[in-house]
Amino acid sequence: MFILNRRQFLELTAGTAAAAGLAAAASPAHAASGAEVFTGDPFGALVDSVVVVGEQKMLLIDAQFTVPNAARLADMLAATGKELETIFISHFHPDHHLGLAVLMDRFPNARPVAHASVQPALAAAAQAMLDSMDGIIPADQLPDRVVIPDALPGDQLTLEGERFDILGPQHGDTDVITPVHLPQLDTLVASDVVFQNTHIWMAENITAERVDAWRDSLNALEAVGAGTIVPGHRTEGSRNDASALAFTRTYLDQWEAALADTSTREDLKAAMIERVGDLPGELFLDRAVGAVYG
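Residues numbered from 1 in each chain as written. Predicted model: local features only at pLDDT ≥ 70, side-chain atom pairs only at ≥ 80, totals over all residues. Heavy atoms only, no water.

### Examining the sheet that holds strand β12 (residues 187-196)
- With mixed pairing, the 5 strands of this open sheet are ordered in space as β9-β10-β11-β12-β13. The two strands at the open ends of the sheet, each matched to only one other strand, are β9 (156-159) and β13 (228-234). In this sheet, adjacent strand axes meet at a mean angle of 35 degrees when their direction is disregarded.
- Of the strands in this sheet, β11 (180-182) and β12 touch helix α7 (residues 208-224), which is tilted by about 155 degrees from β12.
- Against the sheet, helix α8 (residues 242-261) engages β12 and β13, with an angle of about 25 degrees to β12. (Pairing = 2+ DSSP bridges. Helix = DSSP H or I, 4+ residues; strand = E, 2+ residues; numbered from the N terminus. Axes fitted to C-alpha atoms, helices over the stretch in contact; angles between N-to-C directions. Contact = heavy atoms within 4.5 Å.)

### Quick look at unusual backbone geometry
- Cis geometry marks the peptide bond from G168 to P169; its omega dihedral reads 0 degrees.
- The topology assignment puts P169 in the loop between β10 (162-166) and β11.
- Even without a glycine there, the phi angle at E160 is positive, about 50 degrees.
- Within the secondary structure, E160 is located in the loop between β9 and β10.

### Concerning the environment of V52
- Tracing the backbone shows V52 in strand β4 (residues 48-53).
- Linking V52 and I3, residues 49 residues apart in sequence, is a C-alpha distance of 4.6 Å.
- If we skip the residues at most four places from it in the chain, V52 touches M1, F2, K57, M58, L59, L159, F164, L182 and L185.

### What about the packing of α8 against helix α9 (residues 265-276)?
- Two elements in contact, α8 and α9, have axes whose closest approach is 9 Å; the angle formed by their N-to-C orientations is 145 degrees. Handedness of the crossing formed by α8 with α9: right-handed. Between α8, through Y251, Q254, W255, A257, A258, L259 and D261, and α9, the contact on the second element is made entirely by L268, A271, M272, R275 and V276.
- Residue composition of the contact of α8 with α9, by class: 9 nonpolar, 1 polar and 2 charged. (Left-handed = near helix turned anticlockwise from the far one by under 90°. Nonpolar A, V, L, I, M, F, W, Y, C, P; charged D, E, K, R; others polar.)

### Structural notes on the nonpolar core
- If you look at the biggest cluster of nonpolar residues, it comprises 41 residues, and the most contacted ones within it are V194, M202, W214, Y251 and M272.
- Elements with a minimum of two residues in this core: β12, α7, α8, α9 and α10 (282-293).
- Residues contacting Y251, with those up to four places away along its chain left out, are T198, H199, I200, M202, M272, V276, L279 and L285.
- Core analysis: the second largest hydrophobic core is formed by 24 residues, L4, V51, A74 and I89 among them. (Core = buried A, V, L, I, M, F, W, Y, C linked by side-chain atoms within 4.5 Å. Buried < 20%, exposed > 50% of the residue type's maximum accessible area, 1.4 Å probe, protein only.)

### Remarks on the pairing of β9
- Only one face of β9 is covered, namely the one carrying L157 and L159; the face carrying Q156 and T158 has none of its residues buried.
- Joining the antiparallel neighbours β9 and β10 is a turn of 2 residues, in which E160 adopts a positive phi near 50 degrees.

### A few points about the packing of aromatic side chains
- Tallying each qualifying case throughout the model produces 3 aromatic pairs.
- Between W201 and F284, the aromatic rings sit 5.6 Å apart at their centres with planes inclined by 85 degrees, giving edge-to-face as the arrangement. Of this pair, W201 sits in the loop between β12 and α7 while F284 sits in helix α10, and the two are 83 residues apart along the sequence. In terms of burial, W201 and F284 fall into one category: buried. (Phe/Tyr/Trp six-rings, centres within 6.5 Å; stacked < 30°, edge-to-face > 60°.)

### A closer look at α7
- Taking 1.5 Å as the rise per residue, α7 with 17 residues should run 24 Å; its terminal C-alpha atoms sit 25 Å apart, in good agreement.
- Here α7 has its buried residues at V211, W214, R215, S217, L218 and L221. Down the axis of α7, the smallest arc covering the buried residues is 155 degrees, so these residues share one side. Away from its buried face by more than 90 degrees, α7 exposes E209, D216 and A223.
- On its buried face, α7 is in contact with β12 and α8.
- Downstream of α7 by one or two residues, G225 has phi in the positive range, about 80 degrees. (Expected span 1.5 Å × (residues − 1). Arc of directions from axis to C-beta.)

### Let's talk about the environment of K57
- Along the polypeptide, K57 turns up in strand β5 (residues 57-61).
- Along the chain, K57 and E160 lie 103 residues apart, while their C-alpha atoms are 7.3 Å from each other.
- Here the side chain of K57 touches E85 through a polar contact of 3.2 Å, side chain to side chain. (Polar contact = N/O pair within 3.5 Å; in protein donor to acceptor, adjacent residues only side chain to side chain.)

### Focus: the pattern of salt bridges
- According to the stated counting rule, one finds 16 salt bridges in the structure shown.
- A salt bridge links R72 to D41; the shortest N-O distance between them is 2.9 Å. You can see R72 sitting in helix α3 (residues 67-79) and its partner D41 sitting in the loop between β3 (35-39) and β4, a full 31 residues away along the chain.
- A relative accessible area of 26% means that R72 is categorised as partly exposed. (Salt bridge = Lys/Arg side-chain N within 4 Å of Asp/Glu carboxyl O.)

As structure tokens, this is what we get:
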């Protein structure tokens, strides 16, 4: 059992297709400090999806945002020749679940699921979230429908007899996020409790109380002790380890300091860029600033 990476992908698919074509399809999968995951492109918000591969079946954690990114992920999965059994959605934000429609078209026998603490919000908000993308994201980048995952009973995912613990709910960039611990692989899929080298979605965390709750979640995830920590969003080539926890903590500190030191929309944005650098994901920063100043 392993987390799918480019080398393993090419080994699994050798002899079933032209290697050059497969390498192109697999290009978003890259190594970082022991874990290798599929990361969406910047237009797809740099979302991480984790593919856990067993002898015959696979488990996918998070489904990507845009149609092109979900389609590339589907190509990579299909080329392994293994069965995609389960698609787990970690929280209700659209950049982690809108790609479900593409994946279900390709893998109709897969079961999409979400933790019982997440599924009601997904069911209530998914269509509205897709509708809200109209005019923001080009129509050809968006699916034609939403797929609502089933509510998962209990706090575990399984793959070929192996069990993985769902941790949560945790507060991160939104109230209810369900990270997944893969102890057999010494890996924590942290979802949007942890970011790495991107702006962070702070629009739902503009009070000290909510930022403190996020810090509590970071402490809880650090206590898991996983050697590999996969963030919800990161730039390509960024490390998948405790440095992502440190990056997230620093960003939260800088956000609170910038809030205290500024009094206008323009100054808050400029202060954050000065403090954390010219990171990708500027839309996240714009939405956060808008949440503060309307």
